[in-house]
Amino acid sequence: MSDNNEYLEMFFAESEEYIMVLNDAILKLENNPEDKEVVASLFRAAHSLKGMSATMRFDVLTELTHKIENLMDQVRNNKIDVTTEIIDLLFEGIDYIEEIVKQIKTDGTDNFNLEEYLNKLENKMKQGKEQKVISNEEINYDLDEFESEIISLNEEEKNNIAENKKELDTVYAVNAVLYNGTEFKQVRASMVFKEAKEIGYLFKSVPDIREIEEAKFENNVVKMILISNEPKENIINSLGNITDVVEVNITDIEIELNKNKKTDENKEKNKKNNINKSTSKFEVSSTVRVGIKKLDKLMNMIGELLINKTRLEALNIDSEGFKDILPQLDRVTMELHHTVMQIRMEPIGVMFNRFPRMVRDLSKESQKEIDFIIKGKDTELDRSIIDELGDPLTHLLRNAVDHGIEKPKVRAKKGKDKTGRVELMAYQKGSEIIIEVEDDGAGINIEKLTAKALDKELITQKELEEMDREKKLQLIFEPGLSTTDEVSNVSGRGVGMDVVKRTIKSLDGDIYINSEKEEGTNIIISLPLTLAIQDALMVKIDQEVFAIPLNAISETLKIKSKEIKQVKGNDVIVLRDETIPLIDSRKSLNIEVGDNNYIEREEMSVVIVKSSGKEVGLIVNQLLYQQEIVIKSLSDYLGNVKNISGATIIGDGEVALILDVRDIA
Amino acid sequence: MPENNDIYLDKKEKNIGNLNQYLTFKLEEEYYGLQLEKAKEIIKPPKITNVPNTPKHVMGVINIRGKVTPVIDLKEKLGLVKKNKNKDNKKIIIINIDGIMVGLYIDDVREVLSINTDQIEKSTDGNQSLEEEYIKGVFTSNDNLVVIINIEEILFDNNSLSEEVKDT
């Protein structure tokens, strides 16, 4: 059973995909009940899911998906109209599927009491069921001929057979016919394979093992080429003993192997059959499924490579060969890095797809009318970042629906369109990915927010007076602040905006909020394209080297002390008519400044960084150079350190810290 | 102990019968011991990168084969007076506690001793300047009193950064 794990993993990955397809399709169906394409895709997804669960012997899941498939079949044959009731029933079914898959993940069983739901489904179908479904007939046409026809082989395969065959072996073409009405075709076929493998060497089969696992298997005949030293009778007996195998046909094809004219014709015919089947069901793509852990490992190794390359460069050996090789090494490492990064990228749509369903349910529950728009599904992002974004985005969207959008009556009173708009967009901007969640709801009540912040002693009155509107809004990300007094059962799961912010920050991203009363709220999340490796500017602060990620920097400049102006007692510089506050980086890092104030220096190096959505000038001792850095965590022992987001290893093998400028202002 | 080479600890024959192996080291003029299995290696201190906004006993971080490893000034953490300024013999013992690597900055490494469990006394007679919960026991070797420290308690007690560590 050691293979089982691998199959299970495949099962999980694929069932999740199918659940997504199902959810998506049902949503489409709700808006478009007549769309036959959608019904067909629903039917196919349910069917495939059923096939998979049967192969894995999850009987409850098999039954559930089978019933859903049947329901879809009735819809497909116009026996049942798509009503809201049907849609809800379908959604409920998908939820059960999800639950069951979750349970399989935790304890490996699909024990689940579905009786009530299955009865509901059953009743619904009875209402529509007048004639018996005859879809089986369609598949069976021409069956007799197909059953007796043996597998065809090409030249290469024939040669292979000759190589694999031992002296006493015979080459058989075996056709095992399964009972037409069997519920567990995939399972039975797998059993046939298993048995065949025990009898001898299973050279080829139609369908092949993969097709069965993926439920690309429509006929009820399993055709095999079997090389074995067992006599015909034994083979017929062993295979015939398998449940639901109704007939076993066996032919000795050794003679035929030598004269091949006839089989070529068969091949043509069979090929056509196969093509028709596969194109009508699935698109076969040449992709490989790889675990994210393997990719992580690969990325780590490239990180190590990069560090060592940097160290090598620092050696700066005075030799022709050395200077020749370095640029080459540089190019290969960069390309390698780039390629792996590409592999790790996935369209963000895979995660966005879960939201339409959620927004629909939420708006139904809270009796709001919402037009939910998703833009930029194709925007690609590092897979590990996508995985982490699910929860924060769920929270933001729940907030938008729950606290943002008003009820239709209220909206009408305000003179707004009765239907609220919630928009989720993703796009790339430079080396960052931006995700926006926008609604045209009530907006955030700043007075209420600041009052609460004062009440909870998160800020002092004096601090409040110094804050501008924008800064006040960002208070919403402080722990313990939620503007609604009553917590609804929808968004009140104990997760606050502070958790959202923390998650985004842990991804090395940033989040800020804009809101106009009665106009709506706009939340902007910016994220790095990838986590592991970044471009950074190396600077010297005091005696230590620090890295500042390039995506946080807008520019660097040198200023003279006389250019420094004072606003409200703070040092600022004016850059292109913008007033930019200056910050001594040593102060942010708690490095003792002593009397050596930067003001006394003749010329200063300033890095203009984006901090909390604003620009700030960070004074450093020296600008060093630009470099690709491999981001490492600062060690679990130290936990979160203020203004430090991580560490990297520089040329001499020493550790340099990465400056977190997002909160430095 | 060899002076220049870093030492990789070979622990093939640890803990035979009732014998436990301890790595002993010096802080000022006092001797301390640590269960050998906790220690991974002993290195001569490289340049330590200072980490701002951390407690005083965190000296900074070093690179141990690509892993960023914090270095703790054990004397500072234990509240001992620091007189020994001689840098020549200073070492860093890299320990691994539940997968978390930490370096302990100490004055010098002595030796590895196999001590029978019944040679270890629980009581310290209140002679020690250390807090009670930091001590696992004491034993005598060559007329020297060796204090076995409870490194988990020292590193992860409440004054430390235990909360953040648990969070992650």
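Residues numbered from 1 in each chain as written. Chains lettered and ligands numbered in written order. Predicted model: local features only at pLDDT ≥ 70, side-chain atom pairs only at ≥ 80, totals over all residues. Heavy atoms only, no water.

Draft legend 1. Highlighting the overall build of chain B. Helix and strand content of chain B: three helices and eleven strands. Ordered by position in the sequence, the α and β elements of chain B form the string β-β-β-β-β-β-α-β-β-β-β-β-α-α. Going through the 168 residues of chain B one by one, you find that 52% of them count as buried. Taking contacts inside chain B between residues at least 6 apart in sequence as the whole, the part at least 24 apart equals 58%. A total of about 8700 Å² of accessible surface is found on chain B, and carbon and sulfur atoms cover 42% of it. (Helix = DSSP H or I, 4+ residues; strand = E, 2+ residues; numbered from the N terminus. Buried < 20%, exposed > 50% of the residue type's maximum accessible area, 1.4 Å probe, protein only. Contact = heavy atoms within 4.5 Å. Areas by Shrake-Rupley, 256 points an atom, 1.4 Å probe, with all protein chains shown as cover.)

Draft legend 2. Broad picture of the side chain of B:T49. Structurally, the position occupied by B:T49 is in the loop between β4 (39-43) and β5 (58-64). Accessibility expressed as a relative area gives 1% for B:T49, which makes it buried. Only 2.5 Å separates the side chain of B:T49 from the backbone oxygen of A:V655, close enough to count as a polar contact. Setting aside residues no more than four positions away along its own chain, B:T49 makes contact with A:E544, A:V655, A:L657, B:M59, B:G60 and B:V61. (Polar contact = N/O pair within 3.5 Å; in protein donor to acceptor, adjacent residues only side chain to side chain.)

Draft legend 3. Looking closely at the pairing of strand β8 (residues 100-106) of chain B. All names here are of chain B. The buried fraction of β8 amounts to seven of the seven residues, a majority that puts the element mostly inside the structure. Alternating positions in β8 separate into two faces, I100, V102, L104 and I106 on one and M101, G103 and Y105 on the other, with burial throughout. Where strand β6 (residues 67-73) lies against β8, three bridges are found, and the strand directions are parallel. Bridged to D73 within β8 is Y105. Where strand β7 (residues 91-97) lies against β8, seven bridges are found, and the strand directions are antiparallel. Directly across from N96, in β8, lies its bridge partner M101. (Pairing = 2+ DSSP bridges.)

Draft legend 4. How the structure looks around the interface of chain B and chain A. Tallying the contact residues gives 26 residues for chain B and 25 residues for chain A. Across the chain B/chain A interface, buried area totals approximately 2100 Å², and carbon plus sulfur atoms make up 63% of it. A per-residue breakdown of the area chain B buries against chain A is headed by B:P52, B:N53 and B:V68, which together make up 29% of the total. Scanning the region where chain B abuts chain A turns up two salt bridges. Taking the shortest distance from any N to any O, the salt bridge between B:K47 and A:E654 comes out at 3.9 Å. Put simply, chain B and chain A have five residue pairs in polar contact (both at pLDDT 80 or more) between them. Residue assignment for the side of chain B that touches chain A shows that the elements contributing at least two residues are β5, β6, β8, α2 (151-156) and α3 (162-167) of chain B. Here the element with the most residues in the side of chain B that touches chain A is β5(B); it accounts for four residues. A breakdown of the residues in the side of chain B that touches chain A according to their chemical character gives 15 nonpolar, nine polar and two charged. (Buried area = accessible area lost by both parts, 1.4 Å probe. Salt bridge = Lys/Arg side-chain N within 4 Å of Asp/Glu carboxyl O. Nonpolar A, V, L, I, M, F, W, Y, C, P; charged D, E, K, R; others polar.)

Draft legend 5. Spatial organisation of a negative patch on the surface. Residues and elements named next belong to chain B. On the surface, E131, E132, E133 and E153 cluster together into a patch of negative charge. For E133, the position within the fold is in the loop between β9 (108-116) and β10 (135-141). The partly exposed category is assigned to E133, whose relative accessible area is 42%. (Patch = residues over 30% accessible without salt bridge, like charges linked within 9 Å, V, L, I, M, F, W, Y side chains within 5 Å. Lys, Arg positive; Asp, Glu negative; His and termini not counted. Charge placed at Lys NZ, Arg CZ, Asp CG, Glu CD.)

Draft legend 6. Spotlight on the environment of A:I405. Residues and elements named next belong to chain A. Relative to the assigned elements, I405 resides in the loop between α18 (383-404) and α19 (408-413). Along the primary structure I405 and G443 are separated by 38 residues, whereas in three dimensions their C-alpha atoms are 8.6 Å apart. Ignoring any residue separated from it by four or fewer positions in sequence, one finds I405 in contact with K368, E369, I370, A400, R411, G420, R421, V422, D439, D440 and G441.

Draft legend 7. The arrangement of the pattern of salt bridges in detail. Residues and elements named next belong to chain A. Following the criterion strictly, the structure yields 45 salt bridges over all chains and no others. With its nearest N and O atoms 2.9 Å apart, the salt bridge here joins E92 to K120. With a gap of 28 residues between them, E92 in helix α4 (residues 84-107) and K120 in helix α5 (residues 115-128) connect regions that are remote in the sequence. We classify E92 as partly exposed; its relative accessible area is 25%. By relative accessible area, which is 37% here, K120 ends up partly exposed. In this structure, K323 and D318 form a salt bridge, with 3.1 Å as the shortest nitrogen-oxygen distance.

Draft legend 8. Here's a closer look at a nonpolar patch on the surface. A cluster of nonpolar side chains, namely A:L312, A:L315 and A:I317, defines an oily patch on the protein surface of about 250 Å² accessible area. Take A:I317: it is sitting in the loop between α14 (292-315) and α15 (320-344).

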